[in-house]
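Observations on chain architecture
Here's the letter readout for the chains.
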Amino acid sequence: MGLRAAGHGLRGLGTGALVTLATALALPGPSAGVEPPRASGTVEAEWAVGFRNTRAQKLELVVQPELDWSPSPTARLHATGRVRLDAYDRLEPGHPHPVEVSSLSRRGFAGDAADFELRELFVEAEWGRTWLTFGKQQIVWGQADGLKVLDVVNPQDFREFILDDFDDSRIPLWTLRAEVPIGEAQLELLWIPDPSFHELPEPGATYALTAPRFQPPSVPGLVTRVEPTRRPRRLLADGDVGARLQLFVSGFDLSLNYLFHYDDRPVLEAERRGDGLVRFTPRHHRTHLLGGTASSAFGDLTVRAELGWSSDRRLSVDDPGDRDLVGRTGELGYVLGLDWFGFRDSLVSFQVFQSLLLRDRPGWLRDRLDTNLTLLARHELMNERLRAEAIWIHNLNDGDGLVRPKLTYEWRTGLSVWVGADIFYGRGDGVFGEFDGRDRATLGFEWGF
Amino acid sequence: MRSRRLLGTLAAFALLAGAPATAELPAGDEIARRINARDDGESMSRTLEMELIDKRGSKRVRSARVLRRWFGEEKRLAFYYLSPKTVEDTAFLVHDHSEVGREDDQWLYLPALRKVRRIAARDRGKNFLGTDMSYEDMKNETRVTRSDYTWKTLREEACDDTVCLVLEATPLDAEIARAVGYGRITYWIDPAMWIARKVVYDDVALRHKKTALLSEFREVNGIWTVHVLEVRNHQTGHRTVFRSREVDYQTQLDPDRFTERGLRRGLP
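Cut-offs and rules
Residues numbered from 1 in each chain as written. Chains lettered and ligands numbered in written order. Predicted model: local features only at pLDDT ≥ 70, side-chain atom pairs only at ≥ 80, totals over all residues. Heavy atoms only, no water. 1 Å grid on protein atoms, 1.4 Å probe; cavity = no way out; pocket = protein on both sides within 12 Å on 5 of 7 lines; lining within 4 Å. Points joined across faces, edges and corners; volume = space filled by probe spheres on them. Helix = DSSP H or I, 4+ residues; strand = E, 2+ residues; numbered from the N terminus. Nonpolar A, V, L, I, M, F, W, Y, C, P; charged D, E, K, R; others polar. Salt bridge = Lys/Arg side-chain N within 4 Å of Asp/Glu carboxyl O. Buried < 20%, exposed > 50% of the residue type's maximum accessible area, 1.4 Å probe, protein only. Phe/Tyr/Trp six-rings, centres within 6.5 Å; stacked < 30°, edge-to-face > 60°. Pairing = 2+ DSSP bridges. Axes fitted to C-alpha atoms, helices over the stretch in contact; angles between N-to-C directions. Arc of directions from axis to C-beta. Contact = heavy atoms within 4.5 Å. Disulfide = S-S within 2.5 Å.

Some remarks on the layout of surface pockets
Residues and elements named next belong to chain A.
- In this structure, the second largest pocket spans a volume of roughly 990 Å³.
- Lining the second largest pocket are 41 residues, and of these Leu200, Pro201, Phe214, Thr229 and Pro266 lie nearest its centre.
- Contributions of two or more residues to the lining of the second largest pocket are made by strand 12 (267-272) and strand 15 (301-316).
- Looking at which element gives the most residues to the lining of the second largest pocket, the answer is strand 15, with 4 residues.
- Class assignment of the residues belonging to the lining of the second largest pocket gives a composition of 21 nonpolar, 6 polar and 14 charged.

In structure tokens, the structure reads:
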């Protein structure tokens, strides 16, 4: 299976890479004085050990080589690879089956301990005043930290729940992006012919999702079976499209966002055939996402706001009278954030994140109004050589949450070391509380070359 | 170099000829005006090497590309980290408005988040990205914020191989002092170039805080340019050495470089 998955990854890599490289070769030829391609990269290692039983969760080494080449002042080719080795294989035991990710973007595996991936491969070129970027890339929208409303263009790998940096857990997709200036504003257009979705850990993994809202509803008297996911697979017809208009008006950074996309988390659709079984088939459905962001500074404060409305969310319902145990609703999500810079070399950041299901009906597996609060406190010492920070995420509905203290020290130029902890608390049926037994200490380093 | 020193000395003597009394020196505000009236080019780009050295002598090295352009009375400055790899592509942008009392607009691009973040501009005295210069110092380059201080000429004094005008700047009020982090700044101004050769900063309690020594003045595209700046913080023992190279005042910089999109895109 590992070799087969590796083969899929390589085939996908080959198709997209060939198209991107062909595009690169079509760029204007190198002019005199053009610098040769530049290689760089990072090496990162992290050890995570559980508090309760001192059982290690991971001992990971991640190497990310990068290549940049600018054949002309208006064109650039960028590639990033990633090789990841884990001595314990507890985050994704055995060979994972990343069927939610298209073969174009899928990781490859070498045995149980290693995976490899082409993280980015894109060509960027200026055409008139328009910038075109084509290839495998990450698109980041929104103003929120830690929680997402509009930052949903790329799906996410949840192998470490939300503990991994988003930059590492976001799944890059093959995308055509155009950035068009319109007066002082800028219009960004996206076409993403790469139907890939969240990678969720399989049962038995350290961070497998077990909270009720992620499980099929129970049906009294019937045996439950979950079928393989029905993932949209047509590259063109199942692609996502999006647009973002950004402008700066009277001291405010504003954006208007639109994305027509598949929900990255599948809904479990039930089918009862009278054979004593209820079969749940995970399916993805399209939704329109419309929203916007705003941010500005007022004295020592910056204010950030993000709003998103999804037209058609489908979520499991615990309602035996419902035919497929799926409810449809619009959803409104927003984040309001305040960053306070009042203490020198410090940042205190507070966010309120709320998600409202617009339809009221019985059986939702989550509260209609779900509220999360986040608090970040950061202080830099020794001319930013030492950074102390703590992030607290708390869910008001379930009373659960996550606390993440961390100390990072820049040992020497380009080499940082850190020690931290990830502490979950709360009810076992909460999104954070389900990992109450997974509290861990972390120790790591990152070196750039 | 010798001719410049001679020019400086002559200019100083022209200003001060036969005038040992402080009253005959140019007024402080006039010196500040001349500092800001100095031609520093409409566009400027340079590569900045920075050595951050703590009191034990442990050194960290960074390099960055600094771009600056005037848009009428508004100055825009963009700062792109080139190395080390762990901070590469981090970028800072400031729109320095000329209107008195209007705070600057500032943005920071964090490549780890792939997001441009708006940052508050009131705390102008915060150390700039770990160096011993403040955001205000970096933004001003060799200029001064005239409207924030009262200016007083103290004396003339030999400095390096020339004669400098010693200029004292005192914040207009406690709020400005708190924002910039200084209770008093003393400049040793070379009247041949209207650039400081030495600056001494006292904190809001008037304790000696920092000393900046500027050196290696060379003309680039007809504009006097400081190539080495060493800033020592006497309270922490930390110091930063800035070295400029590849200074260019002739290439007209693309306005797009000074936008949020330019910040995100990074250097070509």
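Remarks on the pattern of salt bridges
- Counted under the stated rule, the structure contains 98 salt bridges over all chains.
- Its salt-bridge partner being Arg304(A), residue Asp339(A) comes within 2.9 Å of it at the nearest N-O pair. With a gap of 35 residues between them, Asp339(A) in strand 16 (residues 326-340) and Arg304(A) in strand 15 connect regions that are remote in the sequence. Take Asp339(A) and Arg304(A): they sit in the same class, and that class is buried.
- For Arg117(B), the salt bridge goes to Asp339(A), with nearest N and O atoms at 3.3 Å. Linking Arg117(B) in strand 6 (residues 115-119) with Asp339(A) in strand 16, this pair reaches from one chain into another.
- Looking at Asp339(A), the relative accessible area reads 4%, which means it is buried.

A short note on the packing of aromatic side chains
- Tallied over the full model, the rule gives 21 aromatic pairs over all chains.
- Centre to centre, the rings of Phe128(B) and Tyr135(B) are 5.0 Å apart; their planes meet at 70 degrees, and the pair counts as edge-to-face. Here the two residues Phe128(B) and Tyr135(B) agree in accessibility, since each one is buried.
- Their ring planes at 35 degrees and their centres at 6.0 Å tell us that Trp151(B) and Tyr187(B) sit as a pair that is tilted. With Trp151(B) in strand 7 (residues 149-159) and Tyr187(B) in strand 9 (residues 184-190), this pair connects stretches of sequence that are 36 residues apart. A single burial state applies to Trp151(B) and to Tyr187(B), both of which are buried.
- Following the ring pairs from residue to residue traces out a cluster consisting of Phe161(A), Tyr207(A), Phe424(A), Phe432(A) and Phe435(A).

A look at the sheet that holds strand 13 (residues 277-283) of chain A
All names here are of chain A.
- Sheet architecture is open: 3 strands sit in the order 9-13-12, paired in mixed fashion. Each edge of the open sheet carries a strand with a single partner, namely strand 9 (223-226) and strand 12. Here the strands of the sheet are splayed against their neighbours by 30 degrees on average, with no regard to which way each runs.
- Taken together, the 6 bridges between strand 12 and strand 13 define a ladder with antiparallel strand orientation.

What about helix 2 (residues 28-37) of chain B?
- Every buried residue belonging to helix 2 of chain B is among Gly28(B), Ile31(B), Ala32(B), Ile35(B) and Asn36(B), and all of these are buried. What you see down the axis of helix 2 of chain B is that its buried residues fit within an arc of 135 degrees, all on one side.

Considering the environment of Arg366(A)
Residue and element names in this part refer to chain A.
- Mapped onto the fold, Arg366 is located in the loop between strand 17 (346-357) and strand 18 (369-381).
- By relative accessible area, Arg366 is classed as buried at 15%.
- As for Arg366 and Val317, which are separated by 49 residues in sequence, their C-alpha atoms are 9.0 Å apart.
- Once you skip the residues sitting within four places of it in the chain, Arg366 turns out to touch Arg213, Glu331, Ser355, Leu356 and Leu357.

Quick look at the environment of Leu77(A)
All names here are of chain A.
- Along the polypeptide, Leu77 turns up in strand 3 (residues 75-86).
- For Leu77, a relative accessible area of 12% translates into the label buried.
- As a C-alpha pair, Leu77 and Gly239 span 162 residues in sequence and 24 Å in three-dimensional space.

Considering the state of the cysteines
Residue and element names in this part refer to chain B.
- Per the stated rule, a full pass over the model turns up 1 disulfide over all chains.
- The side chain of Cys159 participates in a disulfide bridge whose partner is Cys164; the two sulfur atoms lie 1.7 Å from each other.
- What makes Cys164 buried here is its relative accessible area of 0%.

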